[in-house]
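Summary of structural features
Chain by chain, the residues run as shown.
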Amino acid sequence: MTKLILSTGNIVSGGPSIIRKPGAFRSNLELTNSLRSNFLAAQEDAAAELHANGATNGNGNSSGNSESVDLDAETGTTGRVPTAAWTGRDQNGALYVPRIHWDHDHHHGLQEERAQYDITAKLFFLPGAPVSERSRYAREALEHVLQELRVPEVDLLIVSFPGMSFEGDCEWEADRRNAVQGNDEDEIATWPAIEELHRLGLAKRLGLAEFGSEKLARFLSKAQVRPTVNQINLKNCCNVPPPLAQLAKEQSIELLVHSDCTDILPKGTLRELLGPGPRGAGILADPETGAGGLQGDLTPLWVVKYTAVVRDRGVIENKGYFAGAELADG
Amino acid sequence: MGLLALGTALDWPEAKKQAHLVRSWGIKQLLEIWNKAKGKERDAMLWGDEVEYLVVTYSKDDPKVLLSLRQADILKALENDTALSKAGCAPPLPDGSNSHTSQPPPVFHPEFGRFMLEATPGKPWGIEFKELLEVEPNMRLRRCIAKAHMLSNEYPITLTTFPRLGSPGVFTDPYYPVSGPKLRSQFVPDEIANPHIRFPTLAANIRSRRGRKVQVNVPVFKDEKTPWPWKDPTVNYDLHNWPEDDDVRNGAAPENFIHMDAMAFGMGSCCLQITFQAKNLTEGRQMYDQLSPLGPILLALTAATPVYKGFLADTDVRWNQISKAVDDRTPEELGEKPLVNDRWRIPKSRYASNSTYISEDPRLRPEYLDPDLVIDESIKQQLLDGGMDDRLATHFAHLFIRDPIVIFSEDLKELDLSKTDHFENIQSTNWQHMRFKPPPADNSIGWRVEFRPMEIQITDFENAAFAVFIVLITRVILSFDLNFYIPIKKVDENMETAHARDAVLTRKFYFRRNLFPTARPSRSGSSTPVASRPPTPTGPVEDEYRLMSVNEIINGTAYAKATSSSPPSSSSSSSSSPPLKRRKTSSSEVEDNEEEDEEFPGLIPLVESYLDSVNVDVATRCQLATYLDLIRKRASGELWTAARWIRHFVARHPEYKRDSVVGEGITRDLVAAVVRIGECEVNGRGFRGVCGAGEGEDGEEGVEGVERLLGGFR
């Protein structure tokens, strides 16, 4: 069993991957594009470094297989930078894709004092991952965010459960459909772990995503630490279903807008991102030839999106994603 | 319009002698602020808008509309009413709530034109998204309060210009004869200007410095029955009151141009200006540079000025007319005579598009700077010696090539370094499309940047939309670290292009292809720290930009392709060779047109991406979406600019004879329509209902074409 941690780094000035494409509403392109471009950047850096080492030393002295790599080739699997050159492992054996240098000050943390920021983390529990482990996932995801931003806590932690959406012709229909989506039991069972993060002071406020009026009412009756935010998705229509608007008002729950999709990292997408194909990172072995790389069944477990906004200036200083996955040994 | 201190204003010959002293004291004051404020940090994002109004007289039964010259009385009434009673002036928001309780009362200011009024919010706006929604109701409140302090037949309207300003006959209330000693205009009386000594002196000294009257010539629109060549029939060649009356006999009024001869024709225009406070000097300079290339685009998009002096013009915006109306350059400076007495040739009026970029951003390539920039080297040296960096010293040494126009003798007794009056004297009479504003002498507020090109819109809905849009754009620029740099000469060209009739739909503008950093700063995977910015790119500058329509710039390439039914003619473009293609897409259907295969993301999608990344509540996001919709539709042509609507209104009017003449009857009905739209808005009745064509519930006809201007909004 190998744990994988994927990261995007700060994507806010990272170029086009942050731009919403027409027709790509509610897509996960921001996540997949920015993962892909972060992998690419890491590979390029590693290649440049290997190249530099190779040029000065004659042959690579740190990595045994570097001489077999044709660094000048731009395409083709032979041109790949070896995985070990741009990924890293922590003391527990988790594989970081790409490697994160936590000790590099200029890559992590925020420019100003903590109080200047409004920091939001949104945690996506993914459909294929075991519900029983969500407590661990939540902790792990949030810790990565805190470490990345070098802050003791986030202001708002929003939780997104699988299988929920807020779609349909506005008004009543979306709300009605929503009532039977997701899994009430699992969601309620997960919440204490989230509440614990709040009690530990790691998240000042808690929030939900995609809860319609009925689900929200049921949820509130069971929650000890109440969510103060419910993120909903509004396509082109601006009418919040009246029952939801009313409930939110009565319960002082802020209704925020988002445009994320709930199934943000499907298994196939992850496999493609890490796979041997032309748009993949070449970490996974080629299933047909079995050549090079890791083998086994890959399961995405969680994704966390984080945003740090300078409060009184409305400037997004840092935004990025971490994703956790597990590779069952094949 | 700057400070209105009272005093003894010097005539030009006297003022000219003191120009050097004022400049030198101004520079000392600037250095004083510079040293005090250069290290200011962490100022909050605050911003303000300025809305300017024309005051007109109108009543249902009166066949004439006039400009009211009661500015002073109206301002006095507003001043005396310290509470600015909001009774009846607090229309609810579209969602039924009412949020203007937290704001102090708005502030009203005089303007150059005695028929004008300016209003600003009582305190600056912040960046809380909910606060952005207060802008529109606050603008309506301002309009309503202004109206409440006027006579029942007076209205504050937000047309950029009064269509018949300077036409023969009566166009002001009260009437004054033309050809006064200050303006010496054969079209407008001296009383058209604010009587405060500053304003007539400004006009008189500009004229005097120039050695003749200003010449505001705007091409006339050639309609089916417009005589051609066209000679402005209102020009009087037989006037002999002042030496300047010779101007028209010496060719000041060329064929096919509407001829105007006074500052009032320019400075009597209303615009929508937005000022931002930056967090520090560096951010202020970045904002100044990055917003600059957007100026011409927003000018074209807000076009609202198709009529001058009773004739349809062949241009849609006010900009060049103001530029000419305050052009104080001498024949030597203009290059008409050899340089003998003056120090240099000056390519632009004091009112013109920017000539400098001021940031120390490594992305600013020397090739972007104006190669013809005129600066005062000795002033630059003084600033450098005072500790200012080269780039900013160059900027101010450029502004300071101008003479101060209005000098009060009382201010020349001694240099007061606790004030900025001499600095401001030069700074605030450089009317460029951006203005970089140092903190005031007491250092109480931060470094600011003013965005000045936009034309005022007829409704506060539109004005709020454009104001909020620009605010959001600044947040997008800072968040995504966007790069809009193009050579400043191309910004100048774009400014000219923006004047064309319907430039928003028919013209293309130079714009930067790639707004993003060329290479992503490495975040991981490298054990050697990398520079936080990629090295300055060194490819040819010409490859960095291309021609784009406003639709493409605002909405992005994909949207523009999908919405443009008739491809805009490229008449304005390309004698230059087509830019090299940068990177071929893998698309199988690469188009023939080399410029077309590049995706430009569009400013609105960028704003949406920004909004997607911050926490915004549902109601706020929906309001903001309405504003973005308006701008999207104006850019795509689905909705009309005010200029196009006015042209349509004139063309459909029964009194219009297809001869470019906008007569009194047409003007009256146009103003009536604008008043009506304003009333619909202020009463929260919506634009579709009572204002929509043919739907008048009180039996009146709707306003012609209003649905093309404002669509289904509200």
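Small disclaimer: the values here were computed from a predicted structure and weren't measured.

The next point concerns the overall build of chain B. Looking only at helices and strands, chain B features 23 helices and 17 strands. Burial analysis of chain B (714 residues in total) assigns 64% to the buried set. Pairs at least 24 apart in sequence give 78% of the contacts found in chain B among residues at least 6 apart. Accessible area of chain B: about 25600 Å², with a carbon and sulfur share of 50%.

Turning our attention to the interface of chain A and chain B. Many structure descriptions define interface size as the accessible area lost when the parts assemble. Facing 54 residues of chain A, the contacting portion of chain B comprises 40 residues. Between chain A and chain B, a total of about 4000 Å² is buried, with carbon and sulfur atoms accounting for 52% of that surface. At the junction of chain A and chain B, the tally comes to 9 residue pairs in polar contact (both at pLDDT 80 or more). Contributions of two or more residues to the side of chain A that touches chain B are made by helix H1 (29–57), helix H2 (83–86), strand E8 (254–258), strand E9 (296–310) and strand E10 (315–329) of chain A. Looking at the side of chain A that touches chain B element by element, the count peaks at 7 residues for H1 of chain A.

Attention now goes to empty space enclosed by the protein. All names here are of chain B. Scanning all chains against the criterion turns up 7 cavities of 30 Å³ or more. When its volume is computed, the second largest cavity comes out at roughly 80 Å³. Around the second largest cavity, the lining comprises 13 residues; the ones closest to its centre are Lys64, Val65, Arg164, Val170 and Glu664. Here the residues of the lining of the second largest cavity are counted per class, giving 6 nonpolar, 3 polar and 4 charged.

The next point concerns the sheet that holds E10 of chain A. Residues and elements named next belong to chain A. Within the open sheet, the 10 strands sit side by side as E2-E3-E1-E10-E9-E4-E5-E6-E7-E8. Their pairing is mixed. The strands lining the two open edges of the sheet, one partner per strand, are strand E2 (88–89) and E8. Across the face of the sheet, helix H5 (residues 184–199) comes into contact with strand E4 (117–125), strand E5 (154–160) and strand E6 (203–209) while running at roughly 155° to E6. Along the sheet, helix H8 (residues 267–274) contacts strand E1 (2–7), strand E3 (95–97), E9 and E10; its crossing angle with E9, the most-contacted strand, is approximately 90°.

Let us now look at the environment of Thr299 of chain A. Residue and element names in this part refer to chain A. Relative to the helices and strands, Thr299 resides in strand E9. Sequence separation between Thr299 and Leu126 is 173 residues, and the spatial gap between their C-alpha atoms is 9.4 Å. Not counting chain neighbours up to four residues away, the residues in contact with Thr299 comprise Gly128, Lys267, Leu270, Gly324, Ala325 and Glu326.

Turning our eyes to something else, we now look at unusual backbone geometry. Omega for the bond connecting Val97 of chain A with Pro98 of chain A falls within 30 degrees of zero, at -10°, which places this linkage in the cis form. For Pro98 of chain A, the position within the fold is in the loop between E3 and E4. For the bond from Trp228 of chain B to Pro229 of chain B, the omega torsion is 0°, close enough to zero to count as cis. For Pro229 of chain B, the position within the fold is in the loop between strand E7 (216–219) and strand E8 (257–260). Not every positive phi belongs to a glycine, and Arg150 of chain A is a case in point at roughly 55°. Considering the arrangement of structural elements, one finds Arg150 of chain A in the loop between helix H3 (134–149) and E5. A residue is classified by how much of its surface remains accessible, and Arg150 of chain A, at 39% relative accessible area, is partly exposed. Unusually for a residue other than glycine, Asn443 of chain B sits at a positive phi of about 60°. Note that Asn443 of chain B resides in the loop between strand E14 (434–437) and strand E15 (448–451).

Once that is clear, we can look at the state of the cysteines. Residues and elements named next belong to chain B. Evaluation of the coordinates by the stated rule reveals 0 disulfides over all chains. Cysteine Cys271 shares no disulfide, and the gap to the nearest cysteine sulfur, in Cys270, comes to 7.4 Å. Residue classification places Cys271 among the buried residues on the basis of a relative accessible area of 6%.

Moving on, we get to the packing of H3 of chain A against H5 of chain A. Residue and element names in this part refer to chain A. Relative to each other, H3 and H5 sit at 40°, their axes nearing to 9 Å. Overall, the two elements H3 and H5 adopt an arrangement that is oblique. In this structure, H3 meets H5 at a crossing whose hand is right-handed. For the pair H3 and H5, contact is made by Arg134, Ser135, Ala138, Arg139 and Leu142 and by Asp186, Thr190, Ala193, Ile194 and Leu197, respectively.

A few words on the nonpolar core. Judged by nonpolar contacts, the single largest core of 259 residues is most densely connected at Leu157 of chain A together with Trp47, Leu291, Leu298, Phe469, Ile554 and Trp645 of chain B. Per-element tally for this core: the top contributor is helix H14 (residues 460–480) of chain B, with 15 residues. Those residues in contact with Leu298 of chain B that sit more than four places away from it in its chain are Phe451, Met454, Phe466, Phe469 and Ile470 of chain B. One finds Ile11, Val97, Leu270 and Leu298 of chain A within the second-largest nonpolar core, a separate group that totals 31 residues.

Our focus in this paragraph is helix H19 (residues 603–612) of chain B. Summarising burial for H19 of chain B: 10 of the 10 residues are buried, a large majority. Within H19 of chain B, burial applies to Leu603, Ile604, Pro605, Leu606, Val607, Glu608, Ser609, Tyr610, Leu611 and Asp612 of chain B.

A few words now on the environment of Val406 of chain B. Residues and elements named next belong to chain B. Note on placement: Val406 falls in the loop between helix H12 (390–399) and helix H13 (421–427). Since its relative accessible area comes to 6%, Val406 is described here as buried. Spatially, the C-alpha atoms of Val406 and Phe199 are 8.7 Å apart, while their sequence positions differ by 207 residues. Excluding its chain neighbours within four sequence positions, the residues that come into contact with Val406 are Ala9, Arg198, Thr201, Leu202 and Asn425.

It is worth spelling out helix H7 (residues 281–291) of chain B at this point. All names here are of chain B. The element H7 is extensively covered by neighbouring structure, given that 10 of its 11 residues are classed as buried. Turning to H7, its buried residues are Leu281, Glu283, Gly284, Arg285, Gln286, Met287, Tyr288, Asp289, Gln290 and Leu291. A side-chain oxygen of the first residue of H7 lies 3.2 Å from the backbone nitrogen of Thr282; this N-cap is Asn280.

Positionally, Lys215 of chain A belongs in helix H6 (residues 213–222). Residues contacting Lys215 of chain A, with those up to four places away along its chain left out, are Met164, Asn178, Ala179, Gln181, Gly182, Asn183, Asp184 and Glu187 of chain A.

All names here are of chain B. Close contact between H14 and helix H20 (residues 618–636) brings their axes to 9 Å; oriented N to C, the two are set at 95°. With respect to H20, the element H14 is oriented roughly perpendicular. Side by side, H14 and H20 meet where Phe461, Glu462, Ala464, Ala465, Phe466, Val468 and Phe469 of the first sit next to Leu624, Thr626, Tyr627, Leu628, Leu630, Ile631 and Arg634 of the second. Split into classes, the residues belonging to the contact of H14 with H20 amount to 11 nonpolar, 1 polar and 2 charged.

What counts as what
- As a convention, each chain's residues are numbered from 1 in the sequence order in which they are written.
- Ligands are numbered from 1 and chains lettered from A, in the order in which they are written.
- Totals for whole chains, interfaces and linings use every residue, but because this is a predicted model, local features are given only for residues with pLDDT of at least 70 and side-chain atom pairs only at 80 or more, for both listing and counting.
- Just so you know, side-chain values use all the structure's heavy atoms and leave hydrogens and water out.
- Helix and strand labels come from DSSP, where a helix needs a run of H or I of at least four residues and a strand needs a run of E of at least two; each type is numbered from the N terminus.
- Buried means the residue's accessible area, taken with a 1.4 Å probe over protein chains only, is under 20% of the maximum for its type, while exposed means over 50%, and partly exposed covers the values in between.
- In this analysis, two residues are considered to be in contact whenever any of their non-hydrogen atoms come within 4.5 Å of each other.
- Where accessible areas are quoted, they stem from the Shrake-Rupley method and a 1.4 Å probe; at the residue level, only the protein chains shown are allowed to cover.
- Buried area, as used here, totals the accessible surface that two parts lose on assembly, with accessibility defined by a 1.4 Å probe and the loss added over both.
- Residues adjacent in sequence count toward polar contacts only when both atoms are side-chain atoms; beyond that, a polar contact is any pair of N or O atoms within 3.5 Å, and within protein one must be able to donate a hydrogen and the other to accept it.
- Cavities and pockets are found on a 1 Å grid laid over the protein atoms alone: a cavity is a set of points where a 1.4 Å probe fits but cannot escape, a pocket is an open set with protein on both sides within 12 Å along at least five of seven lines, and a lining residue has an atom within 4 Å of such a point.
- Grid points are joined across faces, edges and corners, and a volume is the space filled by probe spheres set on the points.
- Only Asp, Glu, Lys and Arg are considered charged, only Ala, Val, Leu, Ile, Met, Phe, Trp, Tyr, Cys and Pro nonpolar, and every remaining residue, Gly among them, polar.
- Any two strands are treated as partners once DSSP identifies two or more bridges connecting them.
- Interaxial angles span 0 to 180 degrees and are taken between N-to-C directions of axes, which are lines fitted to C-alpha atoms, for helices over the stretch in contact.
- Our working definition of a disulfide is a cysteine sulfur pair at a distance within 2.5 Å.
- To sort the angles, those under 35 degrees are grouped as roughly parallel, those over 145 as roughly antiparallel, those from 65 to 115 as roughly perpendicular, and the leftovers as oblique.
- Crossing chirality is assigned from the near helix's rotation relative to the far helix, an anticlockwise turn below a right angle marking it left-handed and a clockwise turn marking it right-handed.
- In this text, buried Ala, Val, Leu, Ile, Met, Phe, Trp, Tyr and Cys residues form a nonpolar core when linked through side-chain atoms within 4.5 Å.

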